[in-house]
Amino acid sequence: MYIGPYQLSNNLIVAPMAGVTDRPFRTLCKYFGAGHAVSEMMTSDKTLRMSKKSLYRANFDGELAPISAQIAGSDPHDLAEAARYQVANGAQIVDINMGCPAKKVCNKLAGSALLKNEDLVARILDAVVAAVDVPVTLKTRLGYLNGHENILRVAKRAEDAGIAALALHGRTREDMYLNTARYSLIKEVKEMLNIPVIANGDIDSPEKAKYVLDYTGADAIMIGRAAQGRPWIFREIAHYLETGEHLAAPSIAEVKDVLLGHLSELYEFYGEYSGCRISRKHIAWYTKGLRSSNEFRQNMYQVENTADQYKVVENYFNGLLEHGHIMSDVQVDQVNLLETK
């Protein structure tokens, strides 16, 4: 698959997730086989550009190409300026966020709230594409309200504006992350457009990945929440798509090594205070379903420095290994459920 002149190594893409897809996470997912990753969304408000959070999000140092920076806002001029800024900062692709359902984003008429105003959508698309000489992509949803899905018009307008690829989440803003993703409109969009279409929503297993690709005809799939604490999902999906066979689940020893390595990268990237606190959610995701993990997490949340946090995690996994715990009953049930889907 190509995005503009950039050929991706495969059609598995890491979805942009605020507070999650920072540089350490994107790098890890690419290591496990993701062909592409999009940054966390960055506001087009230039008064916030130099804030600590924005500087972390715009850090692409050493990242594997192509580098994609997602921008969010509601003013065409500001978004165009933000696109130019990110290209100057090293971005090789600019992605426009018209999909975020978060209340604080939609209240500023950004994210998926833009779908309520198709004229504004058109002006934003035209302004950003004209502002930069790199590919511009769009991430969006089926529409704002159920029963009023307008993605067919928005998608056609995006192609006409020169958007290089469209990533489509199979829900409306009204759905948030409830209900189930609907793929029929993604299929219609793919049949209508000539640009690459990326399917997103509820892709949480190799079987689901194959189903969505086959059903929608999409050029690629985008995986978000299912990769939280499970970056090896890209390795598993790539292997299944290529061979039709399942890879063995990672061992406790491998999960331990991956998590400790991830923690080290987060500590180096964010520093002592933020590194410790940002790591907590990742530790919780990695350990979900493991034996005695609830008790472990409650204790882990009380740790206030990176050295102790690292040691607590290491000791927890060493305890699992010493007692021969490979997979908990919860995880076995989850695997069995996936295999019956």
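Procedures and definitions
- Residues numbered from 1 in each chain as written.
- Predicted model: local features only at pLDDT ≥ 70, side-chain atom pairs only at ≥ 80, totals over all residues.
- Heavy atoms only, no water.
- Domains from an automatic or database assignment.
- Contact = heavy atoms within 4.5 Å.
- Buried area = accessible area lost by both parts, 1.4 Å probe.
- Salt bridge = Lys/Arg side-chain N within 4 Å of Asp/Glu carboxyl O.
- Polar contact = N/O pair within 3.5 Å; in protein donor to acceptor, adjacent residues only side chain to side chain.
- Axes fitted to C-alpha atoms, helices over the stretch in contact; angles between N-to-C directions.
- Helix = DSSP H or I, 4+ residues; strand = E, 2+ residues; numbered from the N terminus.
- Parallel < 35°, antiparallel > 145°, perpendicular 65-115°, else oblique.
- Phe/Tyr/Trp six-rings, centres within 6.5 Å; stacked < 30°, edge-to-face > 60°.
- Buried < 20%, exposed > 50% of the residue type's maximum accessible area, 1.4 Å probe, protein only.
- Lys NZ or Arg CZ within 6 Å of the ring centre and 35° of its normal.
- Core = buried A, V, L, I, M, F, W, Y, C linked by side-chain atoms within 4.5 Å.
- Pairing = 2+ DSSP bridges.
- Right-handed = clockwise from strand over helix to strand, strands pointing away.

### Description of the domain arrangement of the protein
And step 1. The domain architecture assigned to the protein consists of domain 1 (2–243) and domain 2 (252–329).
And step 2. For domain 1 and domain 2, the distance between their C-alpha centroids amounts to 29 Å.
And step 3. Counting from both sides, the interface comprises 16 residues of domain 1 and, opposite them, 13 residues of domain 2.
And step 4. Roughly 1300 Å² of surface becomes buried between domain 1 and domain 2 when both sides are summed, with 65% attributable to carbon and sulfur atoms.
And step 5. Of all residues in domain 1, Pro24, Tyr56 and Trp232 bury the most surface against domain 2, accounting for 35% of the area lost on that side.
And step 6. The tally of links between domain 1 and domain 2 comes to one salt bridge.
And step 7. Linking domain 1 to domain 2 there are three residue pairs in polar contact (both at pLDDT 80 or more).

### Some thoughts on the packing of helix α11 (residues 272–287) against helix α12 (residues 293–300)
And step 1. Packing of α11 against α12 leaves a shortest axis separation of 10 Å and a crossing angle of 170 degrees. Judged by the angle between their axes, α11 and α12 are roughly antiparallel. Along its contact with α11, which presents Arg280, Ile283, Ala284 and Thr287, the element α12 presents Ser293, Phe296, Arg297 and Met300.

### Brief notes about the packing of aromatic side chains
The geometry of an aromatic ring pair is captured by two quantities: the separation of the ring centres and the angle between the planes.
And step 1. Counted under the stated rule, the structure contains eight aromatic pairs.
And step 2. With a centroid separation of 6.1 Å and 55 degrees between ring planes, the pair formed by tryptophan 232 and tyrosine 286 is classed as tilted. Residue tryptophan 232 is found in the loop between β10 (220–223) and α9 (233–243), and its partner tyrosine 286 is found in helix α11; the two are separated by 54 residues along the sequence. The burial state of tryptophan 232 is the same as that of tyrosine 286; both residues are buried.
And step 3. Through successive ring pairs, a cluster of aromatic residues spans Tyr31, Phe32, Trp232 and Tyr286.
And step 4. Here the basic side chain of lysine 116 rests over the ring of tyrosine 144, its NZ or CZ set 4.7 Å away from the ring centre.
And step 5. One Lys or Arg, arginine 141, reaches over the ring of tyrosine 177 and ends 5.0 Å from the middle of that ring.

### Considering the nonpolar core
And step 1. Among the nonpolar cores identified, the biggest contains 61 residues, and Ile96, Leu125, Val128, Ile221, Ile223 and Phe234 are the most heavily contacted of them.
And step 2. A per-element tally of this core places helix α5 (residues 118–131) first, with six residues.
And step 3. Other than its neighbours up to four places away in sequence, valine 128 contacts Ile71, Leu79, Ala80, Ala83, Val94, Ile96 and Val136.
And step 4. In this structure, Ile283, Phe296, Tyr316 and Phe317 belong to the second largest nonpolar core, which totals 19 residues.

### Description of the environment of isoleucine 233
And step 1. Following the sequence through the fold, isoleucine 233 ends up in helix α9.
And step 2. For isoleucine 233 and cysteine 29, which are 204 residues apart along the polypeptide, the C-alpha to C-alpha distance reads 8.6 Å.
And step 3. Sequence-distant contacts of isoleucine 233, defined by excluding residues within four places in its chain, comprise Asp204, Ser205, Ile223, Ala226 and Ala227.

### Side note on the pairing of strand β8 (residues 165–169)
And step 1. The buried fraction of β8 amounts to five of the five residues, a majority that puts the element mostly inside the structure.
And step 2. Of the two faces of β8, both are covered, the one formed by Ala165, Ala167 and His169 as well as the one formed by Leu166 and Leu168.
And step 3. Examined bridge by bridge, strand β7 (residues 136–141) and β8 share five bridges and lie parallel to one another. Across the sheet, residue threonine 137 finds its bridge partner in β8, namely alanine 165.
And step 4. Since β7 and β8 lie parallel, the crossover through helix α6 (residues 151–161) that links them has a hand, and here it is right-handed.
And step 5. Note that β8 and strand β9 (residues 197–200) share four bridges and pair parallel.

### Let's talk about the side chain of serine 205
And step 1. Mapped onto the fold, serine 205 is located in the loop between β9 and α8 (206–216).
And step 2. For serine 205, a relative accessible area of 4% puts it in the buried group.
And step 3. Looking at serine 205, its side chain comes within polar contact range of the main-chain nitrogen of lysine 208, at 3.1 Å.

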